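One-letter residues, chain by chain:
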Amino acid sequence: MAPAITTLAADAPELSAANTGFMLICSAMVMLMTPALAFFYGGMVRVKSTLNMLMMSFISLGIVTILWVLYGFSIAFGTDNASLFGWSSEYVGLSGIGVNQLWDGYTIPVFVFAVFQLMFAIITPALISGALADRVKFTAWALFIALWVTIVYFPVAHWVWGSGGWLFEMGVIDFAGGTAVHINAGAAALGVILVIGKRVGFKKDPMRPHSLPLVMLGAGLLWFGWFGFNAGSWLGNDDGVGAVMFVNTQVATAAAMLAWLAYEKIRHGSFTTLGAASGAVAGLVAITPAGGAVSPLGAIAVGAVSGLLCAMAVGLKYKFGYDDSLDVIGVHLVGGIVGSLLVGFFATGGVQSDAKGLFYGGGLDQLGKQAIGVFAVLAYSLIASAILALIIDKTMGMRVSEDDEVSGIDQVEHAETAYDFSGAGGGASSRSTAAPAPAVTETKKVDA
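Cut-offs and rules
- Residues numbered from 1 in each chain as written.
- Predicted model: local features only at pLDDT ≥ 70, side-chain atom pairs only at ≥ 80, totals over all residues.
- Heavy atoms only, no water.
- Helix = DSSP H or I, 4+ residues; strand = E, 2+ residues; numbered from the N terminus.
- Rg over C-alpha atoms; globule rule 2.2 N^0.38 Å.
- Buried < 20%, exposed > 50% of the residue type's maximum accessible area, 1.4 Å probe, protein only.
- Contact = heavy atoms within 4.5 Å.
- Areas by Shrake-Rupley, 256 points an atom, 1.4 Å probe, with all protein chains shown as cover.
- Lys, Arg positive; Asp, Glu negative; His and termini not counted.
- Charge placed at Lys NZ, Arg CZ, Asp CG, Glu CD.
- Expected span 1.5 Å × (residues − 1).
- Phe/Tyr/Trp six-rings, centres within 6.5 Å; stacked < 30°, edge-to-face > 60°.
- Axes fitted to C-alpha atoms, helices over the stretch in contact; angles between N-to-C directions.
- Parallel < 35°, antiparallel > 145°, perpendicular 65-115°, else oblique.
- Left-handed = near helix turned anticlockwise from the far one by under 90°.
- Nonpolar A, V, L, I, M, F, W, Y, C, P; charged D, E, K, R; others polar.
- Salt bridge = Lys/Arg side-chain N within 4 Å of Asp/Glu carboxyl O.

Undergrad: Give me the overall build of the protein chain: which residues, what numbers.
TA: Helix and strand counts for the protein chain stand at 15 helices and 2 strands. Scaling as 2.2 N^0.38, a compact globule of 448 residues should have a C-alpha radius of gyration of about 22 Å, and the protein chain matches this with 24 Å. Taken along its principal axes, the extent of the C-alpha atoms in the protein chain is 90 × 50 × 50 Å. When burial is assessed residue by residue, the protein chain has 55% of its 448 residues classed as buried. Sequence-distant contacts in the protein chain: of pairs separated by 6 or more residues, those separated by 24 or more amount to 77%. Working note: accessible area of the protein chain is about 17900 Å², and carbon and sulfur atoms make up 66% of it. Between the averaged position of the 20 positive side-chain charges in the protein chain and that of its 28 negative side-chain charges there is a distance of 16 Å.

Laid out in structure tokens, this is it:
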């Protein structure tokens with residue numbers, strides 16, 4: 001993320017219509033990523049959980065938006081308090097912000113910056129939901145989102161991107177959310193599933209994706225939206241850094257997809273569509289923190305390493321026995337760690353900042369900073385998320401009953417099903433001129 005973020009300066013530059021329009025488009029693209037994630041996750045679950053998976057992402061659009069306006073923006077980007085969280089009264093309810101008031105040091109209005117950051121806040125808890133498929137009460141999930149963004153996401157966003165935030169001031173590089181979004185969500189997913197346990201039939205029943213075309217559609221929309229997610233995080237187009245990030249996003253994603261497929265072919269003998277989609281997402285995750293610091297050749301390395309390591313990591317749940325339903329830990333946690341740490345190796349010092357990685361003569365200094373950022377966010381999110389899940393579980397219950405899980409969470413929680421096949425047999429009009437069928441008695445056997 002561009003180094004913002006202080007109170008508004010009196011000598012701020014004039015509003016740029018070009019940068020403002022660009023950032024509004026990027027905000028809309030990032031908003032699209034949450035429905036795209038819903039499709040991606042929705043296709044990966046069994047039929048009986050499809051709608052619930054979609055709703056677990058869509059509800060974040062509602063809850064987080066309201067909380068962001070009320071106090072979230074103030075906590076994340078308000079005046080610093082002890083390097084841990086922000087607070088500015090004019091940001092509460094977004095009520096004290098002028099229409100033409102610019103974000104400090106930039107040529108876009110505060111409202112534009114606020115709405116762009118809102119879209120990041122929305123998708124982060126939605127990412128967690130993939131680890132919890134098939135088994136969480138919808139009301140418990142909604143409450144968890146509200147508590148989690150308040151206690152975890154908003155403060156962590158301040159640590160990483162807020163002026164005065166301790167990781168920001170330390171010099172941790174996170175261009176668009178490797179720590180604040182992906183490690184944060186992946187660690188939270190691990191914390192919650194350690195509390196709520198495994199799905200019924202985990203490691204016994206086949207739990208295959210019910211719609212791979214839906215998965216591919218979601219992955220494609222995510223890839224598209226990610227250009228807004230990443231390139232937009234420089235908050236303008238005045239110096240070319242956002243253009244480098246755009247290129248690196250494409251390059252790393254391609255490399256990760258190819259690396260995942262190569263591993264899959266060697267390990268399992270096939271190139272799968274699920275592997276292509278998952279590899280692409282792994283590359284998008286890894287380049288998110290690194291893309292403003294590395295060259296396109298470095299982006300290839302980031303993508304290839306993340307694609308390989310994430311492909312290997314998704315199988316760890318079977319070895320260690322944690323039920324990460326849709327590989328949030330294997331892709332987002334591992335991918336976020338890989339991308340964040342590789343900044344310490346591949347940062348050129350010639351893109352977003354002059355910080356150099358080990359391979360460009362910078363020594364271990366930046367790598368050490370990146371490691372502190374990675375493990376601080378991981379530890380805080382893991383512990384805080386587990387505690388929140390435990391409190392909810394002990395009070396209102398986090399999981400549906402075993403019978404409800406087996407019968408299908410869509411019907412239980414939403415009173416709907418994703419697909420209605422009741423009319424799939426065809427209409428009577430096509431046989432209107434045919435002779436009537438003979439009556440069938442109870443004793444007559446009818447062939448299928």
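Undergrad: An account of helix α9 (residues 273-290) is requested, with residue identities and associated values reported.
TA: Between its first and last C-alpha atoms α9 spans 26 Å; for 18 residues at 1.5 Å apiece the expected length is 26 Å, and the two agree. A large share of α9 lies buried, amounting to 16 of its 18 residues.

Undergrad: Residues and numbers for the packing of aromatic side chains, please.
TA: Going through the model one piece at a time under the given rule, you end up with 27 aromatic pairs. With a centroid separation of 5.9 Å and 45° between ring planes, the pair formed by F73 and F77 is classed as tilted. Highlighted residues: F73 and F77, both in helix α2 (residues 50-77), separated by 4 residues, approximately one helical turn. Considered together, F73 and F77 belong to a single accessibility category, that of buried residues. Their ring planes at 50° and their centres at 5.1 Å tell us that W159 and Y380 sit as a pair that is tilted. In this pair, W159 sits in helix α4 (residues 138-161) while Y380 sits in helix α13 (residues 365-395), placing the two residues 221 residues apart along the sequence.

Undergrad: For the packing of helix α3 (residues 110-128) against α4, give the residues involved together with the corresponding values.
TA: Axis separation between α3 and α4 bottoms out at 10 Å; the angle between their running directions is 125°. In this view, α3 runs oblique relative to α4, as classed from their interaxial angle. Every pair of crossing elements has a handedness; the one defined by α3 and α4 is right-handed. On α4, the residues that touch Q117, F120, A121, T124, P125 and I128 of α3 are W141, F144, I145, W148, V149, Y153, F154 and W161. Tallied by class, the residues present in the contact of α3 with α4 amount to 12 nonpolar, 2 polar and no charged.

Undergrad: Describe in detail the side chain of S27, supporting the description with residues and values.
TA: By the secondary structure assignment, S27 is in helix α1 (residues 17-44). Given a relative accessible area of 3%, S27 falls into the buried group. For S27, the residues in contact, after removing those within four places along its chain, are V112, V115, F116 and M119.

Undergrad: I'd love a proper account of the pattern of salt bridges, names of residues and values included.
TA: All told, the structure shown has 7 salt bridges when counted by the stated rule. Of the charged contacts, one joins D323 and R135 as a salt bridge, the two residues approaching to 4.0 Å between their closest N and O atoms. Of the two residues, D323 sits in the loop between α11 (316-320) and α12 (328-346) while R135 sits in the loop between α3 and α4, which places them 188 residues apart along the sequence. No difference in accessibility class separates D323 from R135, as the two residues are buried. Sharing partners across several salt bridges, the network here consists of R46, D134, R135, R199 and D323.

Undergrad: Break down the environment of L194 for me, citing the residues and quoting the values.
TA: Position of L194 among the secondary structure elements: in helix α6 (residues 178-196). In sequence terms L194 and A386 are 192 residues apart; their C-alpha atoms lie 7.4 Å from each other.

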